[in-house]
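Tertiary structure, described
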2 protein chains.
Amino acid sequence: MKLKTLLIALATTFLSGICLAQTTPPVVKEDFKPSILNQPQQEYPQVNSQGYVRFRIVAPRADSVKVSLGLGGRGGTRLAKSADGSWMGTTEGPMDEGFHYYNININGGKFNDPGAMNYYGSVRWESGIEIPAHDQDFYALKDVPHGNVQQVLFPSPSTATSRRAFVYTPPGYDKKSNKRYPVLYLQHGWGEDETAWSNQGRANLIMDNLIAENKTEPFIIVMTYGMTNEIKFGSGLRNFKVDSFQTVLVDELIPFIDANFRTVAKPSDRAMAGLSMGGMETKSVTLNKPEVFAYYGLLSGGTYAPEDFKDKPQPKLIFLSCGSKERPDGIKSAATALKGAGINAVSYVSENTAHEFLTWRRSLHEMAPLLFKK
Amino acid sequence: MKLKTLLIALATTFLSGICLAQTTPPVVKEDFKPSILNQPQQEYPQVNSQGYVRFRIVAPRADSVKVSLGLGGRGGTRLAKSADGSWMGTTEGPMDEGFHYYNININGGKFNDPGAMNYYGSVRWESGIEIPAHDQDFYALKDVPHGNVQQVLFPSPSTATSRRAFVYTPPGYDKKSNKRYPVLYLQHGWGEDETAWSNQGRANLIMDNLIAENKTEPFIIVMTYGMTNEIKFGSGLRNFKVDSFQTVLVDELIPFIDANFRTVAKPSDRAMAGLSMGGMETKSVTLNKPEVFAYYGLLSGGTYAPEDFKDKPQPKLIFLSCGSKERPDGIKSAATALKGAGINAVSYVSENTAHEFLTWRRSLHEMAPLLFKK
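It should be emphasised that the depicted structure is a prediction, and the values quoted were computed from it without experimental measurement. Numbers given to residues run from 1 along each chain, matching the order in which its sequence is written. Chains and ligands are labelled sequentially in the order written, the chains with letters from A and the ligands with numbers from 1. For this predicted model, a pLDDT threshold of at least 70 governs which residues receive local features, and a threshold of 80 or more governs which side-chain atom pairs are given and counted, while totals over whole chains, interfaces and linings are taken from all residues. Only hydrogens and water are set aside when side-chain values are computed; all heavy atoms of the structure are taken into account.

Section: the confidence of the model for chain A
All names here are of chain A. pLDDT is defined as a per-residue confidence score from the predictor, taking values between 0 and 100. Summarising the model, chain A shows a mean pLDDT of 91, and 90% of its residues fall at 70 or more. When checking whether two residues touch, look at their non-hydrogen atoms; a contact exists if any pair is within 4.5 Å. Taken together, the stretch residues 1-21 has pLDDT below 50 and engages in 1 contact with residues farther than four places along the chain or on a different chain. Predicted as a complex, the structure gets a pTM of 0.87 and an ipTM equal to 0.83.

So, in C-alpha cells, the structure goes:
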C-alpha cells in the first residue's frame, strides 16, 4: 500500500511536470459572469475578464458534449461531466472581443445552448455570446435619445410575395415632420438575414450614440434579406447571381421606402454597404446601377479597382474595411489605388478582430460620419 | 430455419393482433409538409392535413430523444432511431390547430429543435410549430396594405434603464400625417415577453387584414414586457405584485407613446388587454387606474365581477374570452353578471382550442372591431 501510494504520487508529479514543461497552463481568472446575451435568468455561458468562456450544459445521460467555440482550428471546447450531471468546460484560451456565433454538439447532433439567445447566422438560428470589448461604449445602450427600428412588409411583384425589411429611423424622426433624411441600404452576410444588423450588429445603438455626440448626419438605415442563402457556402459564391436581389432592392424596396418614409429620394442621398457577401452584393449592385447610389461601403466584402469606374460615374465615397486578422493589406492597397485614380476612398482596419461582427460594428461606426457630407 | 421463420411470422401476426384489439391504429395520412415555422430550408418538423406532427432530429450517438409535444398528459412523443442515425417519430394523435411551443429532450437535456424557429415562452426561447387552422386566413400574410411594427426604447427612470416596446402603427400611418389614433396596450402571458404578440400572435397581420376589410377602426398597438417572469410558474402567481409594471406602463410608457406617436391621448381612446397573466395584469392595472383606460380585455386571463366597479367609473367595454378547452362557462357567466349590472361586457369562446395562441389570435380578431366605437 505505501509503495503504491508513493508510486502514484511520483507518477502524478512526473505527469504534472511534463505538462508544465510543454505549455505553461494559463492562469484563468475566476471572475466569470453570465454573458450579456444570455436568456433571462440563465447563469451560463459565462465570460471572464480575460475573455475566456465557460459553458454549462445539462444533459445528464449524454456521452459527449462539445461546443463549437474555442481556439481557432482546434475544434472547439470539449465539456466534461460534472458530479451533478451537467457538462462543463472553459475555452482553451481567451476569445476575440465582440460577438461570436456557436452551437453545441450533443452525442453527434447539433443544437443550441439553452442558456444563450439565438442569432441568425450560418443559415440557422445559432447561439450567440458577447465578449465585452474595450471599446464597447460606442455600441452600448445608453441614456440618449433613441431611434426606432421598424419592420415593414413591402410588396414584391418580382418574387410574388410581401417581403420584410427593417428600417432604422433616427431619434426625433416622428417629431420633425418636415425634415427629410438620406438613406443607407445595409446588407448582412451569407448565412444571415435582415435581422443581423440590428440584433448582432447593434446598428441602431451605434447610430443613436453617434447622433447624440453630433458625430454623424442623422440618416435612415434600411436592412432587408439579400437572398444569399440559397447557395452552399464555399461551393457557389462565385456563381451567385445578384439579379433577383437587385430587382427587389432597386425596383421594389427603394421606391417603397421613398414613398413611405421622409427620404431625400436622390442618388446623392443614397448609400449602399454590406458585410462579407453583402459587400459582394453591394459591389455588383452599385456597379450595375451607378445612377442609384452615391456612397459605397464594402465591410470585409472585397474591394473596388480604378478600372471598375472606367465608363461610369464616380461615387462620392468608397469605404473599404476589414479586421486586422483578415487581409488588411488588400483593403489598404485598394484604397490607395482608388485615391491614386482620383476616387475618394477610405480604408479602415479593425484591430484584433477577424471576420466577425465587432469588425462590422466598428466599420459602421467609422463609415457613418463619412456619409452624406455636403 | 423454416420453423424459425414461421414462428416469427406467427409472433408478428399475434402481436399485431393484440395491438389492433387494444386500440385501432389511426390511419395517418402520408401528406406531411414542412411546418411553415421551420427555419429556412429545413424539411422537419412536418405537419400533415390531419394535424399530426412528424419530427426528425439528427443525433447519431444519442440514446433517447423525446419531444415535449404530443397528446396532452401522455408525456410527448418518443422518437426512434432510423437507419441513417437520425431520430424520427410522429405524434400519437392530431394536435390542436394553431401555434404550439415545444422542446426536445436529448439524453436528459432540454434543447430546441434545430429545424424550427424559436419563440419566447416558458421563460426560454422555445421551438414553435404551426398546425394550419381552418380559419387561418384572418392571420395570413396577404396582399393588403401593411402596418409596421417598430421597436422603441423608452426611458424608464423607475427601473433605471431604457426599456423596449414594440409599436404597431396601422397602414398609412406615415402618410396621414394629421390623423391621430387610439391605442391598445396589449400584454403577453407568463413566460413570454414583448415579442410574443407580433411573433406567435401575428397581431400586426390580424390588424392589417381587419383594416383592409374595413372591419375595425385603425388603432395603434403597444406591446411591452410585463415583468411577469421573475416568479416561478404556479408557485407565486398570487403573490405577484403589479406595482413595478404599473409604474412603467402608466407613468413612463404611456406618456412616451403619447409624446412620440400621433395618439389621441385620452382615456376614451385607450384600451388595455392581456392574455393569461397579462390578463391578470390588465385587471389589476385597470382597476387601480380606471381614469387611464376605457376598454378592458382579459384573454384567458380571468374575469371582472360587478363588485369590482362599486366605487369606480365603468369602462366602455369589457371583453372576456378563452378557449373552449379552458373554462368557457366562467367567461360567459361573468359577462352575463356584468351585463346584468349595466356594464357593457362581451364574451367570446374560441372553439376547439386550449390555453394557446390560436385562442388569443382569435380573441384579438373578435375584440379589435369592438374597441374605440364612438
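Moving on from the model shown.
Thoughts on the side chain of A:Ser300
Residue and element names in this part refer to chain A. By the criteria applied, helices consist of DSSP H or I runs no shorter than four residues and strands consist of E runs no shorter than two, each listed in order from the N terminus. In this structure, Ser 300 sits in the loop between strand 18 (295-299) and strand 19 (317-323). Of the polar contacts made by the side chain of Ser 300, one reaches the side chain of Glu 326; its length is 2.6 Å. Not counting residues within four places of it along the chain, the set of residues in contact with Ser 300 comprises Ser 276, Ser 321, Cys 322, Gly 323, Glu 326, His 355, Thr 359 and Trp 360. Identification of polar contacts relies on pairs of N or O atoms within 3.5 Å, with a donor-acceptor requirement for protein atoms, meaning one able to donate a hydrogen and the other able to accept it, and with residues adjacent in sequence counted only if both atoms are side-chain atoms.

Quick look at unusual backbone geometry
Note that the residue after A:Tyr44, namely A:Pro45, is joined by a cis bond; omega there is 0°. Mapping A:Pro45 onto the fold places it in the loop between strand 1 (33-34) and strand 2 (46-47). Notably, B:Val123 is not glycine yet its phi reads approximately 55°, a positive angle. By secondary structure assignment, the location of B:Val123 is in the loop between strand 11 (118-121) and strand 12 (124-131). We call a residue buried when its accessible area falls under 20% of the maximum for its residue type, exposed when it is over 50%, and partly exposed in between, using a 1.4 Å probe and counting protein chains only. Accessibility expressed as a relative area gives 13% for B:Val123, which makes it buried.

Quick look at helix 5 (residues 277-288) of chain A
Since one α-helical turn is 3.6 residues long, residues separated by three or four positions face the same way. Multiplying 1.5 Å by the helix residue count minus one yields the expected span of that helix. Helix length check: helix 5 of chain A, at 12 residues, gives a terminal C-alpha distance of 16 Å against a target of 16 Å (1.5 Å per residue), a fit within 8%. Packed against the buried residues of helix 5 of chain A are strand 15 (183-187), helix 4 (243-260), strand 17 (270-275) and strand 18 of chain A.

Description of the domain arrangement of chain A
All names here are of chain A. Note that the domain bounds were set by an automatic or database domain assignment. What the domain assignment reports for chain A is domain 1 (33-132) and domain 2 (137-370). Distance between the C-alpha centres of domain 1 and domain 2: 30 Å. Taken together, the contacts link 16 residues of domain 1 with 19 residues of domain 2. Here the quantity called buried area is the accessible surface, traced with a 1.4 Å probe, that two parts lose on coming together, added over both. Buried surface at the junction of domain 1 and domain 2, summed over both partners, amounts to about 1300 Å²; 47% is from carbon and sulfur atoms. If you sort the residues of domain 1 by the area they bury against domain 2, Asp 96, Phe 99 and Tyr 120 come out on top, with a joint share of 36%. Within this document, salt bridges are pairs made up of a side-chain nitrogen of Lys or Arg and a carboxyl oxygen of Asp or Glu, the two lying within 4 Å of each other. There are 3 salt bridges connecting domain 1 and domain 2. Asp 96 serves as the salt-bridge partner of Lys 325, at 2.6 Å between the closest nitrogen and oxygen. Among the elements of the structure, strand 8 (98-102), strand 11 (118-121) and strand 12 (124-131) are those that each provide at least two residues to the side of domain 1 that touches domain 2. With 4 residues, the top contributor of residues to the side of domain 1 that touches domain 2 is strand 8. Classifying every residue of the side of domain 1 that touches domain 2 by side-chain character gives 8 nonpolar, 4 polar and 4 charged. Under the scheme applied, nonpolar residues are Ala, Val, Leu, Ile, Met, Phe, Trp, Tyr, Cys and Pro; charged residues are Asp, Glu, Lys and Arg; polar residues are all the others, including Gly.

A short note on helix 6 (residues 328-340) of chain B
Residues and elements named next belong to chain B. Taking 1.5 Å per residue, 13 residues should reach 18 Å; helix 6 reaches 18 Å between its end C-alpha atoms and fits that length. Where helix 6 is concerned, the buried positions are Pro 328, Ile 331, Ala 334, Ala 335 and Leu 338. The buried residues of helix 6 occupy an angular sector of 135° when the element is viewed end-on, so they sit on one face. Facing away from the buried surface of helix 6 by more than 90 degrees, the exposed residues are Asp 329, Thr 336 and Gly 340. Backbone geometry just after helix 6 places Gly 342 at a positive phi near 85°. Within this analysis, the arc is defined by the directions that extend from the helix axis to the C-beta atoms.

Observations concerning the relation of the copies chain B and chain A
Copy-to-copy superposition: least squares on the C-alpha atoms, limited to residues that have pLDDT of at least 70 in both copies. The two copies are related by a screw motion: chain B maps onto chain A through a turn of 180° and a shift of 0.0 Å along the axis, at an RMSD of 0.0 Å. Taken together, the rotation and translation relating the two chain copies correspond to the operation of a two-fold axis. Among all residues of chain B, the one whose C-alpha sits closest to the rotation axis is B:Gln150, at a distance of 1.8 Å. Of the residues that chain B buries at the interface, 100% are likewise interface residues in chain A, meaning the two copies contact each other through the same surface.

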